[in-house]
Amino acid sequence: MIFTWGFGYSCCGCDRRVSKENAVYTYNNSCICKECYSKMERFDGARIILGDAYNDHTYTSFYYKGLFKKIFIAFKFSGYIANGHLLGMAAADILADKTELYACDCITAVPLSKERMNERGYNQSEILAEHYSELFGLEYMHLLKRVKHSQAQSASETVSRALNVKNAFTASDEVFGKKILLLDDVHTTGSTLAECKNTLLTAGALEVYLVTASYVYHKRRARLY
Ligand SMILES: [Zn+2]
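Description of the structure in this document. Just so we're clear, the structure is a prediction, and the values are computed from it rather than from any experiment. Sequence order sets the numbering: in each chain, residues are counted from 1 along the sequence as written. The predicted nature of this model means local features are confined to residues of pLDDT at least 70 and side-chain atom pairs, given and counted, to a pLDDT of 80 or more, with totals for whole chains, interfaces and linings taken over all residues. Think of the side-chain values as coming from all heavy atoms in the structure, minus any hydrogens and water.

Two strands make a pair as long as DSSP finds a minimum of two bridges between them. What counts as a helix is a DSSP run of H or I of at least four residues, what counts as a strand is a run of E of at least two, and both are numbered from the N terminus. Reading across the sheet, the 4 strands line up as β2-β1-β4-β3 and stay open at both edges, with mixed pairing between neighbours. Bordering the open sheet on either side are β2 (17-18) and β3 (23-27), each of which pairs with just one other strand. Relative to β2, strand β1 (residues 9-11) runs antiparallel, the two sharing 2 bridges. For Ser10, the partnering residue across the bridge sits in β2 and is Arg17.

Axes here mean lines fitted to C-alpha atoms, for a helix over just the part in contact, with angles spanning 0 to 180 degrees between N-to-C directions. The N-to-C vectors of helix α2 (residues 66-78) and helix α3 (residues 81-94) enclose an angle of 135°; their axes lie 7 Å apart at closest approach. With respect to their mutual orientation, α2 and α3 come out oblique. Of the two possible hands of crossing, α2 and α3 adopt the one that is left-handed. Where α2 abuts α3, its residues Phe68, Ile71, Phe72, Ala74 and Phe75 lie against Ile81, Asn83, Gly84 and Leu87. In these notes the angle categories are as follows: under 35 degrees is roughly parallel, over 145 is roughly antiparallel, 65 to 115 is roughly perpendicular, and the rest is oblique. Throughout, a crossing is termed right-handed when the near helix is turned clockwise from the far one, and left-handed when it is turned anticlockwise from it by less than a right angle. Residue contacts are counted whenever heavy atoms from the two residues lie within 4.5 Å of one another.

Below is the structure:
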């Protein structure tokens, strides 16, 4: 049932107002409606490449395309914070059966540089991470700092992306001996995640599990189980 303005929830995917029964996830007055949720393409179990190697402790939830991408871009670049909460809930839920993730000691997110944080006003990955933190029962900790302000990455290729983030992060002493769940918003080449993981391990982290809300599919990088 579609409501007129003022009732129900506004869907971040189709902008319609829908009743609670037709909303899969709600956040304040926003929602993802059933129809939009069904159009968000879930990651299909293909293994994810991290940097130049496959990695078994790497998880994602959606493909970075179509409706997911539309809702996410409004969140990341236009300040639609509710979209981020809704995507965070949806993406975390898909991993609910990954028992190994409940056994981590804490969760942290890939940090933004001070410049980017000032410009955007929020770290989109931290907002997503709130919902993984809640689902897996993990404390959110600020464990990484971005010390190098990288160029915007969307257009760069794998090699230049890797160089772009080389030595870009430092880790807090608190990582020592911990099993850490590290979250990033979009997995493109995995260079950022790989660099963050190395930084955490070098600082003494016991293990690092990687999660992203979405994955950019590249045919030449994809391999099925
Ligand atoms: Zn919708």
